[in-house]
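Observations on chain architecture
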Amino acid sequence: MANRSENHAMLVSKIGIIGAGVSGIAAAKQLSHHNPIVFEASDSIGGVWRHCSYNSTKLQSHRRDYEFTDFPWPQRDNPRFPTHMEILDYLHSYAEHFDVLKNIRFNSKVVEIRFTGNREVTGFGSQLPGQPAWEVAVQTSQSDIIQWYGFEFVVVCVGKYGDIPKIPAFPHKKGPEVFKGKVMHTLDYCKLDQEGATELLKGKKVVVVGFKKSGLDLATECAQANQGRPEGQACTMVIRTLHWIVPHYWIWGLPFFLFFSTRSSQFIHERPNQGLLRTLLCLMLSPLRRGISKFIESYVLWKLPLEKYGLKPEHSFVEDYASCQMAIMPENFFSEVENGKIVFKKASKWWFWNGGIEFEDNTKLEADVVVLATGFDGKKKLKTILPEPFCSLLDYPTGIMPLYRGTIHPLIPNMAFVGCVESLSNLHSSEIRSMWLSGLVDDQFKLPSVESMLSQTLKEIEVMKRSTRFYKRHCISTYSINHSDEICKDLGWSCWRKKNWISEVFGPYSIEEYAKED
């Protein structure tokens, strides 16, 4: 527990923001008229783009699909996907242009939060009650002294990725401690520069555990590190669950947005509060839903040798899309597979022995380096700073955080969470939710009752459960336009953002069409 220093009085302000990643700088910009204080544990903005990116990491979409509404990319029509360094440059330019940096306190880690509000005054009646509702303990990297701050409202923007790695559980005496080689998580691998990463991988027997985007990128880097080296070893990917990967955003000559990113395409997918008639229509259109998924799968299987290498997932493509797990295949990935530089091993259970990894079929795989591309524990990250009883209420009662409009937990007063609910464009989601949050704090609208908010969030979770077995990822991709519509309604904006009904129904939404209305 952090103790208040007698020599450092508590500093009081209206709004505190924890984290200066994409969500944090979006929230800071939209709430700038309240002069918020932003705490960033590291020495720079950028979040996962700064701390969880490989040397080869790129955005998985075009830059025009990953930009703020009022700050377009330079050369935004460049078809090349930007690198993580280009994204960091863009985020820095945004923060400098809107003078967000002045509010950020770098190397300032939040170590504890306490609720001090009077429930009769705080709660969901007023977001800025006129007195602190939360006390926040902050420690800087240059000092052991804890500085306490008092805030009327706190915005948590720590996200779901980075900081705390998700490590598999192993049987007794079969964990990393018995392995004579090197074990690391991708979080540690990201800290290596190009030379350090090459030195780690070249000429080594490398095992990458995981088959999502980080694992695919890492296996490709491993293969390239051993390119042209006679001593080069193949990189083995250990796969528990296969997921769909696509080569690009065109399917049999048709743009990908036609299938999921227009009002007409999302009409065939279930959404919360849709009514009896629309429920019946969704039921009747379910064959079309399955047909679209099969249509996309047929192209992917034709274009990529998934069946040849036993990489075809058992579930449908739409389940990966509905859980935000669709990945764009890294450039040259299957070229390296064809050259024997990347091989695959499917296994639901595995553990360590002194020379590598052993599987449930009693086979063993020798290894010098094992890299765990097993994701991050975002929930644990939140629970390390939130006090009880709010810590226990985080994922009550379904195991998923119930976030109204993807932002407000109905059981946690005077606090918002930005960046915890995923979509296909997390930057856009963070920005529009920050706009909504700004409207809420400024009393442009009022929240419904706690019961109504909980009911709404439970309906959303039930839709996710019916859409994909991976529902715990908390993704709104199949009803993202409806989600934006609800935010627009709360803000008093028009839900239909285009100039005519034809483009409204059949055209994809661009980010600038959600520019803030005066």
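Residues numbered from 1 in each chain as written. Predicted model: local features only at pLDDT ≥ 70, side-chain atom pairs only at ≥ 80, totals over all residues. Heavy atoms only, no water.

Overview of the packing of aromatic side chains
- Overall, the coordinates contain 40 aromatic pairs when judged by the stated rule.
- Judged by centre distance (5.3 Å) and plane angle (75 degrees), the ring pair of Phe 115 and Phe 390 falls under edge-to-face. One end of the pair, Phe 115, is in strand S4 (residues 108–115); the other, Phe 390, is in helix H14 (residues 390–393), and 275 residues separate them in sequence.
- The exposure class assigned to Phe 390 is buried, which follows from its relative accessible area of 2%.
- Members of the aromatic cluster, joined through ring pairs, are Phe 81, Tyr 249, Phe 256, Phe 259, Phe 260, Phe 295, Phe 317 and Tyr 321.
- For Arg 63, the ring lying beneath its charged end belongs to Trp 73, and the centroid distance is 5.1 Å.
- In this arrangement the basic side chain of Lys 498 is found over the ring face of Tyr 509, its NZ or CZ atom lying 4.9 Å from the centre. (Phe/Tyr/Trp six-rings, centres within 6.5 Å; stacked < 30°, edge-to-face > 60°. Helix = DSSP H or I, 4+ residues; strand = E, 2+ residues; numbered from the N terminus. Buried < 20%, exposed > 50% of the residue type's maximum accessible area, 1.4 Å probe, protein only. Lys NZ or Arg CZ within 6 Å of the ring centre and 35° of its normal.)

Thoughts on a nonpolar patch on the surface
- Taken together, the side chains of Trp 252, Leu 254, Leu 258, Phe 295 and Trp 302 present a nonpolar region at the surface, about 490 Å² in accessible area.
- With a relative accessible area of 37%, Trp 252 lands in the partly exposed category. (Patch = residues over 30% accessible without salt bridge, like charges linked within 9 Å, V, L, I, M, F, W, Y side chains within 5 Å. Areas by Shrake-Rupley, 256 points an atom, 1.4 Å probe, with all protein chains shown as cover. Salt bridge = Lys/Arg side-chain N within 4 Å of Asp/Glu carboxyl O.)

Brief notes about the environment of Val 246
- Looking at the secondary structure, you find Val 246 in strand S10 (residues 245–246).
- Val 246 sits in the buried class, given a relative accessible area of 0%.
- The spacing of Val 246 and Gln 131 is 115 residues in sequence and 51 Å in space, taken between C-alpha atoms.
- With near-sequence residues (within four places) excluded, Val 246 lies in contact with Val 300, Leu 304, Phe 317, Met 326, Ala 327, Ile 328 and Met 329. (Contact = heavy atoms within 4.5 Å.)

Structural notes on the environment of Phe 352
- Tracing the backbone shows Phe 352 in strand S15 (residues 350–353).
- Ignoring sequence-local partners within four residues, the contact set of Phe 352 consists of Phe 170, Lys 174, Gly 175, Pro 176, Val 178, Phe 179, Val 183, Ile 357 and Val 370.

Side note on the state of the cysteines
- Scanning all chains against the criterion turns up one disulfide.
- For Cys 324, the disulfide goes to Cys 475, at an S-S distance of 1.9 Å. Handedness here is read from the sign of the S-S torsion; for Cys 324 and Cys 475, about 65 degrees, the answer is right-handed. Remark: Cys 475 occurs in the loop between helix H16 (450–467) and helix H17 (480–491) and Cys 324 occurs in the loop between helix H11 (317–322) and strand S13 (327–328); sequence separation between them is 151 residues. Of the two residues, Cys 324 and Cys 475, neither departs from the other in class, the shared state being buried.
- Cysteine Cys 488 is unpaired, with the sulfur of Cys 495 as its nearest cysteine sulfur at 5.7 Å.
- The class for Cys 495 is buried, based on a relative accessible area of 13%. (Disulfide = S-S within 2.5 Å.)

Regarding helix H1 (residues 22–30)
- Among the nine residues in H1, nine count as buried, and that is most of the element.
- By the burial criterion, the buried members of H1 are Val 22, Ser 23, Gly 24, Ile 25, Ala 26, Ala 27, Ala 28, Lys 29 and Gln 30.

Observations concerning the packing of helix H15 (residues 426–441) against H17
- Running from N to C, H15 and H17 cross one another at 25 degrees; their axes reach a closest spacing of 10 Å. With respect to their mutual orientation, H15 and H17 come out roughly parallel. For the element pair H15 and H17, the recorded crossing hand is left-handed. Residues His 428, Ile 432, Arg 433, Met 435, Trp 436 and Gly 439 of H15 pack against His 483, Ser 484, Ile 487, Asp 490 and Leu 491 of H17. (Axes fitted to C-alpha atoms, helices over the stretch in contact; angles between N-to-C directions. Parallel < 35°, antiparallel > 145°, perpendicular 65-115°, else oblique. Left-handed = near helix turned anticlockwise from the far one by under 90°.)

Points about the pattern of salt bridges
- Following the criterion strictly, the structure yields 29 salt bridges and no others.
- Connected through salt bridges with shared partners, the residues Glu 67, Arg 76 and Glu 512 form a single ionic network.

Quick word on the environment of Gly 492
- Inspection of the secondary structure assignment puts Gly 492 in the loop between H17 and helix H18 (501–506).
- A relative accessible area of 60% means that Gly 492 is categorised as exposed.
- Expressed as a C-alpha distance, the spacing of Gly 492 and Leu 447, which sit 45 residues apart in the sequence, is 14 Å.

Overview of the sheet that holds strand S8 (residues 206–209)
- Ordered by their spatial adjacency, five strands build an open sheet running S7-S18-S8-S9-S14, and the pairing between neighbours is parallel. Looking at the sheet topology across the chains shown, the edges are occupied by strand S7 (182–185) and strand S14 (342–346). Mean inter-strand twist for the sheet, computed between neighbouring axes without regard to direction, equals 20 degrees.
- Where S8 meets strand S9 (residues 235–239), four bridges bridge the pair, whose relative direction is parallel. Across the sheet, Val 206 pairs through a bridge with Cys 235, a residue of S9.
- Across the sheet, helix H6 (residues 213–225) is in contact with S8, S9, S14 and strand S18 (369–372); its angle to S9 comes to roughly 165 degrees. (Pairing = 2+ DSSP bridges.)

As for the packing of helix H9 (residues 275–284) against helix H10 (residues 286–303)
- Running from N to C, H9 and H10 point in directions that differ by 45 degrees, and their axes come no closer than 4 Å. Between H9 and H10, the crossing angle belongs to the class labelled oblique. Two secondary-structure elements touch here, H9 through Cys 282, Leu 283 and Met 284 and H10 through Ser 286, Pro 287 and Arg 289.
- Of the residues contributing to the contact of H9 with H10, the split by class is four nonpolar, one polar and one charged. (Nonpolar A, V, L, I, M, F, W, Y, C, P; charged D, E, K, R; others polar.)

Points about the pairing of S8
- Burial of the side chains of S8 extends over both faces: Val 206 and Val 208 are buried on one face and Val 207 and Val 209 on the other.
- Both S8 and S18 contribute to a ladder of four bridges, which runs parallel. The residue of S18 that forms the bridge with Val 206 is Val 369.

Digging into the pairing of strand S6 (residues 146–156)
- Taken across its 11 residues, S6 has 11 buried, putting it largely inside the fold.
- In this structure, strand S1 (residues 11–18) lies alongside S6, joined through seven bridges in parallel fashion. When the sheet's bridge partners are listed, Ser 13 is paired in S6 with Phe 151.
- Bridge count between strand S5 (residues 134–140) and S6: six bridges; the pairing is antiparallel. Within S6, the residue paired with Val 138 across the bridge is Gln 147.
- The loop that links S5 with its antiparallel partner S6 comprises five residues.
- Sheet topology places S6 next to strand S19 (residues 415–417); three bridges connect them, and they run parallel. From the neighbouring strand, Val 155 faces S19, where its bridge partner is Ala 416.

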